[in-house]
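This is what each chain is made of:
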Amino acid sequence: MKNIRNFCIIAHIDHGKSTLADRLLQETKTVTEREMQEQLLDDMDLERERGITIKSHAIQMNYDFNGETYKLNLIDTPGHVDFSYEVSRSIAACEGALLIVDATQGIQAQTISNLYLALEHDLEIIPVLNKMDLPSAMPEEVADQIVDLIGCEYEDILKASGKTGEGVLDVLNAIIKRVPAPEGDPSEPLQAMIFDSVFNPYRGIEAYFRVYNGELKKGDKVKFVNTGKQYDADEIGVLKLKPEAKDKISAGDVGYIISGIKVAKEVKVGDTITHVDRPTNKIVKGFEDVKPMVFAGIYPVNTDEYEELRESLEKLQLNDASLTFEPESSAALGFGFRCGFLGMLHMEIIQERLEREFDMTVITTVPNVSYMAHLKSGEEQAITNPSDFPDPADIDYIEEPFISAQIITKADFVGQVMNLCIEKRGIMKNQTYLTQDRVEIIFELPLAEIVFDFYDRLKTVSKGYASFDYYPIGLHASNLVKLDILLNGDQVDALSALIHKDNAFTLGKKICAKLRELIPRQQFEIAIQAAVGSKIIARETVRALRKDVTAKCYGGDISRKRKLLEKQKKGKKKMRQVGNVEVPQSAFMAVLQLD
Ligand code: GDP
Ligand code: MG
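Remember, it's a predicted structure, so these values are computed and weren't measured experimentally.

S.K.: Where do I start with the side chain of Gln60 in this structure?
M.R.: On the secondary structure map, Gln60 appears in strand β2 (residues 58–65). Judged by relative accessible area, Gln60 falls into the buried class, the value being 5%. Within the structure, the side chain of Gln60 is placed 2.9 Å from the side chain of Asn73, a separation counted as a polar contact. In contact with Gln60, other than residues within four places in its own chain, are Thr30, Lys71, Leu72, Asn73, Val238, Leu239, Lys240, Asp253 and Val254.

In structure tokens form, the structure reads like this:
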């Protein structure tokens, strides 16, 4: 055990975590040159393309230092706010953390929030200034920020470049010298915590765990404490570049278990694994069910593909337990599913995976958060779909989820950032100067206001010099109304939105204007209206079409005419009939494209 080091990497997105991790793997010869591809840890196609790590993974390296061989377990953590619970579990599995800060950028919001998590778990922090090869690096300034933040000595801060490999050996040596060896007793009852899992289509779920006490042997009968389910440890092992089967994983170490589990829901990050015969009475604390924060309807474009969509969602849920879905139907869109996501990025990823991996063409409705309606009857009703909004006459009050947002920006942009937060119904809680030029601002904001374009707007008003992180703080009462959209008098249920009363008029007007752009002219005039209750608050008109589009082909090129008709037919597939109006798929996301 004294030769094991468990560590993770804390970094803001793009500060170079994946690149540096790759260097560590190379330096320790965990991968051969041939196997070396950029950003090895991000092995999902999507992750690679988006340059983000979606699921955390673990990898074991061997490193010789002063004549002894050390086992270094690197536990990779996702950097995005949507996945913060996974970050906290990965951190709990470690004794140390590399704090990587881009020397050209300085401390950013996600650096700080993840750093707090690491400090909460008493991790040894090794600060690393990365991207030292860049001429724009500001090592003194950023080192000041780090010293202010964690109270370390200047000499403790390492300098490195994932690009050139500079300083990578120092990082490895510091991990061995500074990160404490794990503690624990291999003779005690088995106590292991699951910090991640991945779905393998051939073998079922691989759960990754950290052993705190005891030993897990191949073939052991184990129990997952929280779900109460029992399994045989069919295969256990350690994660090198590929899984490497072992007979035993002991206290202090990190490994994987394959036990014929087919459903991701049975494997809860944070759960404890113990033996059926000799269970531990120490349950690692901190288990938490990840709750979806954002909801949207997903419908097949082709209504015949409903069952196929269900199967695809079921398969996605096998390897992503944080995805929830239940059947719903919409007058405009037919049969589909109301899905719950951790955040907007998670939603985009699911949508993209449905299209890429399952070849589904889907319509996603405007996302919303989950509201709580308190009725005059004393009943409470959770609303995840605006069309379930109760009759306003029955409502006592409505609550919506709020978050605490932490924004770090340059002093020059504080004014603009605050204006944005206030526009989004935010309430300022605190403002701290981290250095002369960097300010941390804490705002409480409705989650609904940040799920759409907040992040993009923030980047714009701060010219890119703002970073953002948040965590939920519970429900607060808000003055919300239901905004309906009507096409020629027919309400389009999939376009209804819950919105703060003060914003209903502006949003209604914008949606009508956007729909007028998106809905093609048809044989008759189309009235687009926005309404709150029975009151119409905005109106636009799409004028009738005069000519038959194929008319100009008559007598002309017949193949051109056929092409045109085919194109129209294809376009039709992406259209939905609402009353007598054909509505393009893009219209259902119109609210997201408003400026
Ligand atoms: P992550 O989001 O923290 O995993 O960051 P990545 O490792 O994906 O790096 C983000 C970007 O910075 C990529 O374009 C890298 O090529 C680049 N990068 C990473 N490390 C360095 C470095 O030390 N020097 C330079 N110049 N670029 C780097
Ligand atoms: Mg990365």
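Let us keep going from here.
S.K.: How should the side chain of Asp220 be read in this particular structure?
M.R.: As for its position among the elements, Asp220 is in the loop between β9 (215–217) and β10 (221–224). For the buried Asp220, which has no salt bridge, the nearest side chain bearing the opposite charge is Lys217, at an N-O separation of 5.8 Å. Dropping the residues within four chain positions of it, Asp220 is found in contact with Glu215, Tyr231, Asp232, Ala233 and His275.

S.K.: Hey, could you run me through the nonpolar core in this one?
M.R.: Note that soluble globular proteins tend to have their nonpolar side chains buried in a common cluster. Among the nonpolar cores identified, the biggest contains 53 residues, and Leu354 and Phe454 are the most heavily contacted of them. No fewer than three residues from each of domain 3 (294–365) and domain 4 (372–478) sit in this core. Listed in part, the 40 residues of the second largest apolar core include Ala103, Ile112, Tyr256 and Ile258.

S.K.: Before we go on, may I ask you to explain the pairing of strand β30 (residues 526–532) in this structure?
M.R.: Within a regular beta strand, the side chains point alternately toward one face of the sheet and then the other, so they alternate between its two faces. Most of β30 sits out of view: 6 of its 7 residues are buried. Taken together, the 5 bridges between strand β27 (residues 480–487) and β30 define a ladder with antiparallel strand orientation. Across the sheet, Ile485 pairs through a bridge with Ala530, a residue of β30. The antiparallel hairpin formed by β30 and strand β31 (residues 535–542) contains 2 residues in its connecting segment, where Gly533 sits at a positive phi of about 60 degrees.

S.K.: Which parts of the structure should I look at to understand the pattern of salt bridges?
M.R.: Two side chains of opposite charge can pair, provided their charged atoms sit close to one another. Overall, the coordinates contain 22 salt bridges when judged by the stated rule. Between Arg425 and Glu400 there is a salt bridge whose closest N-O contact spans 2.7 Å. Linking Arg425 in the loop between α9 (414–423) and β24 (427–433) with Glu400 in strand β23 (residues 395–410), this pair joins segments that are 25 residues apart in sequence. Comparing Arg425 with Glu400, the two get one shared label, buried. Three or more residues are tied together by salt bridges with common partners; here these are Glu215, Lys217 and Lys248.

S.K.: How should the sheet that holds strand β4 (residues 96–102) be read in this particular structure?
M.R.: In any sheet, the strands associate via hydrogen bonds between backbone groups, in a parallel or an antiparallel arrangement. As summarised here, the arrangement of the 6 strands in space is β2-β3-β1-β4-β5-β6, forming an open sheet in which the pairing is mixed. The sheet is open, and its two edges are formed by β2 and β6 (158–159), each paired on a single side. Two strands pair when backbone bridges link them, and strand β1 (residues 4–11) and strand β3 (residues 68–75) are joined in this way by 5 bridges, in the parallel orientation. Within β3, the residue paired with Ile4 across the bridge is Lys71.

S.K.: Please clarify how the packing of aromatic side chains should be interpreted in this entry.
M.R.: One pass over the structure, following the stated rule, counts 10 aromatic pairs. Each ring, one from Phe325 and one from Phe337, has its centre 5.7 Å from the other, and the planes form 90 degrees; the classification is edge-to-face. Here Phe337 lies in strand β19 (residues 334–341) and Phe325 lies in strand β18 (residues 324–330), a separation of 12 residues in the sequence. The same class applies to Phe325 as to Phe337, namely buried. Looking at Lys410, its charged tip hangs above the ring of Tyr465, at a distance of 4.1 Å from the centre.

About the criteria used
- Residues numbered from 1 in each chain as written.
- Chains lettered and ligands numbered in written order.
- Predicted model: local features only at pLDDT ≥ 70, side-chain atom pairs only at ≥ 80, totals over all residues.
- Heavy atoms only, no water.
- Helix = DSSP H or I, 4+ residues; strand = E, 2+ residues; numbered from the N terminus.
- Buried < 20%, exposed > 50% of the residue type's maximum accessible area, 1.4 Å probe, protein only.
- Polar contact = N/O pair within 3.5 Å; in protein donor to acceptor, adjacent residues only side chain to side chain.
- Contact = heavy atoms within 4.5 Å.
- Lys, Arg positive; Asp, Glu negative; His and termini not counted.
- Salt bridge = Lys/Arg side-chain N within 4 Å of Asp/Glu carboxyl O.
- Core = buried A, V, L, I, M, F, W, Y, C linked by side-chain atoms within 4.5 Å.
- Domains from an automatic or database assignment.
- Pairing = 2+ DSSP bridges.
- Phe/Tyr/Trp six-rings, centres within 6.5 Å; stacked < 30°, edge-to-face > 60°.
- Lys NZ or Arg CZ within 6 Å of the ring centre and 35° of its normal.

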